[in-house]
Every structure is written in structure tokens, then in C-alpha cells.
Amino acid sequence: MNLSLIPQIKHTDSNNFFLLSGPCAIEGEDMALRIAEHIVTITDELKIPYVFKGSFKKANRSRLDSFTGIGDEKALKILRKVSETFKVPTVTDIHTEQDAAMAAEYVDVLQIPAFLARQTDLVVAAAETGKTVNIKKGQFMSPESMKHAVNKVTETGNEQAIITDRGTMFGYQDMIVDFRGVPTMKQFAPVVLDVTHSLQQPNQTSGVTGGRPAMIGTMARAGVAAGVDGLFIETHFDCANAKSDGANMLDLGLMKKLLTDLVALRAVVNEF
């Protein structure tokens, strides 16, 4: 995978990790632009290659009354506006083969959710759009098995595949990241650590997912030390009132300090 082939991505020669970051879900235009502007300013200052993340639709919800989106086309148009306004690439989740073609008209990277990582038709449909495909490792999958998910992309002739680790189910309501999987998966594709989803604590009883946001810094530093190529961090300026995954997102006001620390750590890691 060649990072520089993602349209409008900057700072690819900085030897930094790249960053996928934004809100869990697109809730409206103003919130998306506000979050993007804040992160673009920081990543330009720190020379971090940046892709704005926002889900146009949330299909994987525990409860029927959970927020799923503001409308597919409306949210996708907001993602396009973010890209045009700040000259940055964008990434969004897809859930069906039909989503792949639709979302590819608006964004630069198509993301396969972890619970769909083995859905062959979906992965192939994403790959056939020619877009970069970010496959999240299923919570039920081993690092070694991600080789086959990547092959589904590359066998279409699309070499632009990324793997994102978002932890493995541990017990019934917790996630654990096994950092031994990082070098294993780097044999197949660049590896991203999904910092915030790795700290989820799914609650099957209430249907509302919890999390441990106080551990975001620890998890991110561990990922950089382990040699990940990129980081995935969901963020919001009002996590308590976010419509999706507020319990494990990073407060936007904390982003600059965290990224500054991580860039310094990356510089040390690069010396080894």
C-alpha cells in the first residue's frame, strides 16, 4: 500500500504515523467542519498525514432506538464538503456492496467494519471501486487470518489495503489488544491501531456501549512503541452528548497534547 496514493494526503515524507480521526458518526455539517478544522490545524503543524473519519451510517447498533445517522446522502455530502474545504482525504464505513459504490463517489477510503471483515462480497466490492480499503480486524479473528482479508483486496488488482486492529473480545464485555499481532499483520499490509474502539466495553445488558477514555494516551503510546503505521482516534468536542460512542472518544481539546507527545515518541522509535 502506498500512502501517497490517497488523494490530497499531506506530509507523507515526514516519517510520522498517519492518522484517521474524526467523530464516530456524522451528526451534522457544523460539527463535522469544526472537528476537521481543529485536527487539520494540529496535523499540519506536526506534519502528520491525516484522513478525516466519519461514519455516514451506523448499521451496527445494539438497540433499535440507537442513532444510526442523518441520512446517507446528506452525511456523504458533508464528508465531501470536509474534503473540499480543508483539502484532506476522508474515510467512512460501508456495510453492503451497494454502499461501496455509493460511498466511493464521495470519500477516498472505504472502511470495512470489524464485524464484517470476513464478508467476501463486501470486501471485494470495496476493492473494485479502486479506493483504498481499510479492513478492521474482527474481534473474533487472529492476526494471522487477516492475510486472507487483505488477499481479497489485492486479488482484484487493488494494492491499497490497510489493516486496523481494534482489539479482541476478552470475556463478555471487554476488549484486549495483543501487540504481538502488529508485526504479524505488517507482513500483509500497513497496520493501524484503533485506539478508541480498543477501549470499548460493550454492554449487552443495557445495549449502551461503555469505554475507558482515560486509557487513550496509554493505548496510543503503546501502539506507537509497537511500531504501528497509523492511529485511529475518534474524537468529539462534546463527548457526553455525542450520538454514538461518546463513552470511549477522545475529547477534542485533548488532541493536540496527545499528538504532540506521540510525534515525540515516534521520533525516538524511528531511531531503533
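For the structure, see preceding data.
Calculation criteria
- Residues numbered from 1 in each chain as written.
- Predicted model: local features only at pLDDT ≥ 70, side-chain atom pairs only at ≥ 80, totals over all residues.
- Heavy atoms only, no water.
- Helix = DSSP H or I, 4+ residues; strand = E, 2+ residues; numbered from the N terminus.
- Buried < 20%, exposed > 50% of the residue type's maximum accessible area, 1.4 Å probe, protein only.
- Areas by Shrake-Rupley, 256 points an atom, 1.4 Å probe, with all protein chains shown as cover.
- Lys, Arg positive; Asp, Glu negative; His and termini not counted.
- Charge placed at Lys NZ, Arg CZ, Asp CG, Glu CD.
- Polar contact = N/O pair within 3.5 Å; in protein donor to acceptor, adjacent residues only side chain to side chain.
- Contact = heavy atoms within 4.5 Å.
- Core = buried A, V, L, I, M, F, W, Y, C linked by side-chain atoms within 4.5 Å.

**Considerations on the overall build of the chain**
Stage number 1. When helices and strands are counted, the chain shows eight helices and 13 strands.
Stage number 2. Among the 272 residues that make up the chain, the fraction classed as buried is 54%.
Stage number 3. Within the structure as shown, the chain displays about 11,700 Å² of accessible surface, and the carbon and sulfur contribution to it stands at 50%.
Stage number 4. The average position of the 28 basic charges and that of the 32 acidic charges among the side chains of the chain differ by 2 Å.

**A closer look at the side chain of Lys-53**
Stage number 1. Tracing the backbone through its elements, the reader meets Lys-53 in strand S2 (residues 50–53).
Stage number 2. A distance of 2.6 Å separates a polar atom in the side chain of Lys-53 from the backbone oxygen of Cys-24.
Stage number 3. One polar contact links Lys-53 to Ser-55, side chain to side chain, over a distance of 3.0 Å.
Stage number 4. In this view, Lys-53 contacts Leu-20, Ser-21, Gly-22, Pro-23, Cys-24, Val-91, Asp-93, Gln-111, Phe-232 and Glu-234; residues no more than four positions away in its chain are not counted.

**Let's talk about the nonpolar core**
Stage number 1. Counting 69 residues, the largest nonpolar core has Phe-52, Ile-94, Ile-112, Ile-135, Leu-231 and Leu-259 as its most contacted members.
Stage number 2. If you tally residues by element for this core, the top one is helix H1 (residues 29–46), at nine residues.
Stage number 3. Residues within four places of Ile-135 in sequence aside, it is in contact with Ile-112, Ala-117, Val-123, Met-146, Ala-149, Val-150, Val-153, Ile-162, Ile-163 and Thr-164.
Stage number 4. In terms of nonpolar packing, the next biggest core, distinct from the first, is built from 11 residues, Ile-9, Leu-20, Val-51 and Val-91 among them.

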